[in-house]
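So the chains spell out like this:
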Amino acid sequence: MPQYNPPIRDTRFVLDHVVGLQSRANLPGFENATADMVDAVLEEGGRFVAEVLFPLNQVGDQQGCTRHPDGSVTTPEGFKAAYDQLREAGWMTLGAPEQFGGQGMPHTVSTAFEEYMISANMAFAMYPGLTHGAIAALLAKGSDEQKALYVPRMVSGEWGGTMNLTEPHCGTDLGLIKTKAEPQGDGSYAITGTKIFISSGEHDLTDNIIHLVLAKTPGAPDSSKGISLFVVPKFLVNEDGSLGERNALSCGSIEHKMGIHGNSTCVMNYDGATGWLVGEEMKGLAAMFIMMNAARLGVGLQGLGVAEVAYQNAVQYAHDRRQGRALTGAKEPGEKADTLFVHPDVRRMLMEAKALTEGLRALCLWGAMQVDLSHKAQDEAERQLADDLIGLLTPVIKGYGTDKGYDIATAAQQVYGGHGYIAEWGMEQYVRDARIAQIYEGTNGVQAMDLVGRKLAQNGGRAVQAFFKLVGDEIAAAKGEEAVADFVGRLERALNELQAATMWFLQNGMKNPEHVGAGAHSYMHLMGIVATGLMWLRMARAASGLLAAGEGDAKFLNAKLVTARFYAERILPDAGALRRKIEGGAESIMALDPELFMAA
């Protein structure tokens, strides 16, 4: 049976020494995030997910969700009781605005808790996760009446939320959607169409589900410019907030998936369902992108969350399992075999997992801080900088984070050997669950194209130049520090590779746009390596400073320095290879006639 222990000490280290949470106490909402309060959130939240949610992870995978003849859906055994506990304990309200019943904590703090929840039970965590995304969209684009009617009960967890984009004939190309919204003359619309892959589309956890649905009004352009966003509740809501009659929408079926079986991924049918416009007509895609960007950061966190729990179990297995002898001779002659930890290749897999999970944790929490600063920083320039940085790095956190999350899950499975392939050990579930994160909320190929096709050139390249300056300034500041001198040199070379690849795109992309498409995936990974390298520079500097001052846990801090060295020696060098792949261009990728891909 697998196990999970929330990485509380590492989270605290990142919040204190990478993100600088306590230095932001002057900002709105941060006054609540005292050191004692954050410790309580991490400790109590970690205990809750480990004791309540984690035991249901394999249950959810084995049982899945059940659709009944009337279209209703029940979640796996124990999910409803666990959700009630989550809601009653107030964990749903952690980062929500106080004016709608939330606790008003920084997004950075709620992100730390969300990582733990994902590691404990990814499929379960999707139910509140989708609700938080829907809340964000309503707060940004909804009318005052819509906010007052829906948001408080979504914040409390009484009601759930979803996003409805994809249809059977279109995925990423949302301009192809066919769902129609006919005005009814009273301010409402009749929504008709079918949506697929709707996470948490129907379930028994909440009294109501508030669907956000993309549709086209009569006469709208037959493209993405004609899309509008509508709020369509499962049960109509009376003016006093009580539930009215059932709306004309239903779950047609539940998708049979590779993983995340505990989450109800539904085909949703809208048969003239009553909905109301959110924001402006034909501005729906911009409104939905608020939810999508939040979801993409959340999916990046899923990559980290699944990687962490898979890594923890692989470490424990390597401690327990005895196979063969060390290459340098028996480490424990009194035993019939040494543990897996004596084998360099096992160590390689575990060190890559450790370096990447700790680096991605720092990157995700630093990204969450940029979200906070983009809304709450006192200086307009600081708000703009934070918004630029998180906009640039959202596709990186999602794409690079989930690619690496899947790699870590499969490497952790590999540590188990044959047992990793057997269901009772739990590792194959983590591999299956991790795989979806590379696909939904925009495949990682889409993320890469968003990065190179949109984000690099946006506002004249302002964001990427700000990122280059941030990394360059921190490299310059650390150059005189002997403890991190080698890391600094290697990170600087990786930054140079990223800047050179960016320049190559600028010089060659206009001549042939396929060069950009061909190099997009490699560029996303190159930027991910540098961004995570920046996080490791911060962690290494903090660890060396604390050791020099005689503060903190010396074993923990020395482990940080060793892991930073591993990142520098074994991961940062990949930057050069990725740049050379990018400069290989598109010719060999695009040269073959499609017929030549087929077997003879």
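In case you missed it, the structure is sitting above this.
Now for a look at the structure at hand.

So, how was this worked out
Residues numbered from 1 in each chain as written. Predicted model: local features only at pLDDT ≥ 70, side-chain atom pairs only at ≥ 80, totals over all residues. Heavy atoms only, no water. Helix = DSSP H or I, 4+ residues; strand = E, 2+ residues; numbered from the N terminus. Buried < 20%, exposed > 50% of the residue type's maximum accessible area, 1.4 Å probe, protein only. Disulfide = S-S within 2.5 Å. Axes fitted to C-alpha atoms, helices over the stretch in contact; angles between N-to-C directions. Parallel < 35°, antiparallel > 145°, perpendicular 65-115°, else oblique. Left-handed = near helix turned anticlockwise from the far one by under 90°. Contact = heavy atoms within 4.5 Å. Nonpolar A, V, L, I, M, F, W, Y, C, P; charged D, E, K, R; others polar. Core = buried A, V, L, I, M, F, W, Y, C linked by side-chain atoms within 4.5 Å. Patch = residues over 30% accessible without salt bridge, like charges linked within 9 Å, V, L, I, M, F, W, Y side chains within 5 Å. Areas by Shrake-Rupley, 256 points an atom, 1.4 Å probe, with all protein chains shown as cover. Salt bridge = Lys/Arg side-chain N within 4 Å of Asp/Glu carboxyl O. Pairing = 2+ DSSP bridges. 1 Å grid on protein atoms, 1.4 Å probe; cavity = no way out; pocket = protein on both sides within 12 Å on 5 of 7 lines; lining within 4 Å. Points joined across faces, edges and corners; volume = space filled by probe spheres on them.

## Re the side chain of T111
So, point 1. Along the chain, T111 falls in helix 5 (residues 107-120).
So, point 2. Given the relative accessible area of 6%, T111 is considered buried.

## Description of unusual backbone geometry
So, point 1. One non-glycine residue, S200, adopts positive backbone phi at about 60°.
So, point 2. Relative to the helices and strands, S200 is located in the loop between strand 5 (189-199) and strand 6 (208-216).
So, point 3. Classification of S200 as buried rests on a relative accessible area of 1%.
So, point 4. Here E441, not a glycine, exhibits a phi torsion of approximately 60°, which is positive.

## Notes on the state of the cysteines
So, point 1. Using the criterion set out here, one finds 0 disulfides in the structure.
So, point 2. Unpaired in this structure, C65 has its nearest cysteine sulfur neighbour in C266, at a distance of 7.6 Å.
So, point 3. Owing to a relative accessible area of 15%, C65 belongs among the buried residues under this scheme.
So, point 4. Between C170, a free cysteine, and C266, which holds the nearest cysteine sulfur, the sulfur-to-sulfur gap is 18 Å.
So, point 5. Residue classification places C170 among the buried positions, given a relative accessible area of 4%.

## Section: the packing of helix 8 (residues 284-320) against helix 9 (residues 344-376)
So, point 1. Axis separation between helix 8 and helix 9 bottoms out at 9 Å; the angle between their running directions is 150°. The angle between helix 8 and helix 9 falls in the class roughly antiparallel. As helix 8 packs across helix 9, the resulting crossing turns out to be left-handed. Here helix 8 contributes L297, G300, L301, L304, A307, E308, Y311, A314, V315 and A318 to the contact with helix 9, which in turn contributes V346, L350, A353, K354, T357, L360, R361, C364 and V371.
So, point 2. Partitioned by chemical class, the residues of the contact of helix 8 with helix 9 number 14 nonpolar, 2 polar and 3 charged.

## As for the nonpolar core
So, point 1. Counting 193 residues, the largest nonpolar core has L212, F467, Y523, M527 and Y567 as the members making the most contacts within it.
So, point 2. Per element, the largest residue contribution to this core is 19 residues, and it comes from helix 8.
So, point 3. If we ignore the near neighbours within four places in the chain, the residues touching F467 are L389, L392, L393, L498, M527, V530 and A531.

## With respect to a nonpolar patch on the surface
So, point 1. Residues L592, L596 and F597 make up a contiguous nonpolar surface patch of roughly 350 Å² in combined accessible area.
So, point 2. Mapped onto the fold, L592 is located in the segment after helix 18 (587-590).
So, point 3. By relative accessible area, which is 45% here, L592 ends up partly exposed.

## Points about the packing of helix 10 (residues 380-415) against helix 13 (residues 462-478)
So, point 1. Here helix 10 crosses helix 13 at 100°, and the two axes come no closer than 9 Å. If you check the angle between helix 10 and helix 13, you find them roughly perpendicular. Residue-level contacts link Q384, L385, D388, L389, L392 and L393 of helix 10 to R462, A463, V464, A466, F467 and L470 of helix 13.
So, point 2. Here the contact of helix 10 with helix 13 is built from residues that sort into 9 nonpolar, 1 polar and 2 charged.

## Remarks on the environment of F341
So, point 1. The topology assignment puts F341 in the loop between helix 8 and helix 9.
So, point 2. What makes F341 buried here is its relative accessible area of 18%.
So, point 3. Excluding residues within four positions of it along the chain, F341 makes contact with V315, A318, H319, R347 and L350.

## Observations regarding the pattern of salt bridges
Note that side chains of opposite charge can pair when their charged atoms are close.
So, point 1. A complete count under the given rule lists 35 salt bridges for this structure.
So, point 2. Linking R361 and D10 is a salt bridge whose minimum nitrogen-to-oxygen distance equals 2.8 Å. Residue R361 is found in helix 9, and its partner D10 is found in helix 1 (residues 8-19); the two are separated by 351 residues along the sequence. Neither R361 nor D10 differs from the other in exposure class; each is buried.
So, point 3. In this structure, R24 and E382 form a salt bridge, with 2.7 Å as the shortest nitrogen-oxygen distance.

## Structural notes on the pairing of strand 11 (residues 265-278)
So, point 1. Note that strand 5 and strand 11 share 9 bridges and pair antiparallel. Its bridge partner lying in strand 11, I198 is registered against C266.
So, point 2. Bridge analysis of strand 7 (residues 227-233) against strand 11 gives 3 bridges, and the strand direction is antiparallel. Across the sheet, the residue bridging to F230 is L277, located in strand 11.
So, point 3. Sheet topology places strand 10 (residues 249-254) next to strand 11; 5 bridges connect them, and they run antiparallel. By the bridge assignment, I254 is partnered in strand 11 with C266.

## Side note on helix 1
So, point 1. Residues of helix 1 that are buried include every one of I8, D10, T11, F13, V14, L15, V18 and V19, and no others.
So, point 2. G20 sits one or two residues past helix 1 and shows a positive phi near 70°.

## Points about empty space enclosed by the protein
So, point 1. Applying the stated criterion across every chain yields a total of 2 cavities of 30 Å³ or more.
So, point 2. The space that makes up the largest cavity amounts to roughly 40 Å³.
So, point 3. As for the largest cavity, its lining consists of N57, G60, D61, F79, N121, M122, A123, I260, H261, G262, Q429 and D433.
So, point 4. At the level of secondary structure, the elements contributing two or more residues to the lining of the largest cavity comprise helix 3 (57-63), helix 6 (122-141) and helix 11 (427-437).
So, point 5. At 3 residues, helix 3 tops the list of elements feeding residues into the lining of the largest cavity.
So, point 6. Its residues assigned to classes, the lining of the largest cavity comprises 4 nonpolar, 6 polar and 2 charged.
So, point 7. A volume near 30 Å³ is recorded for the second largest cavity.

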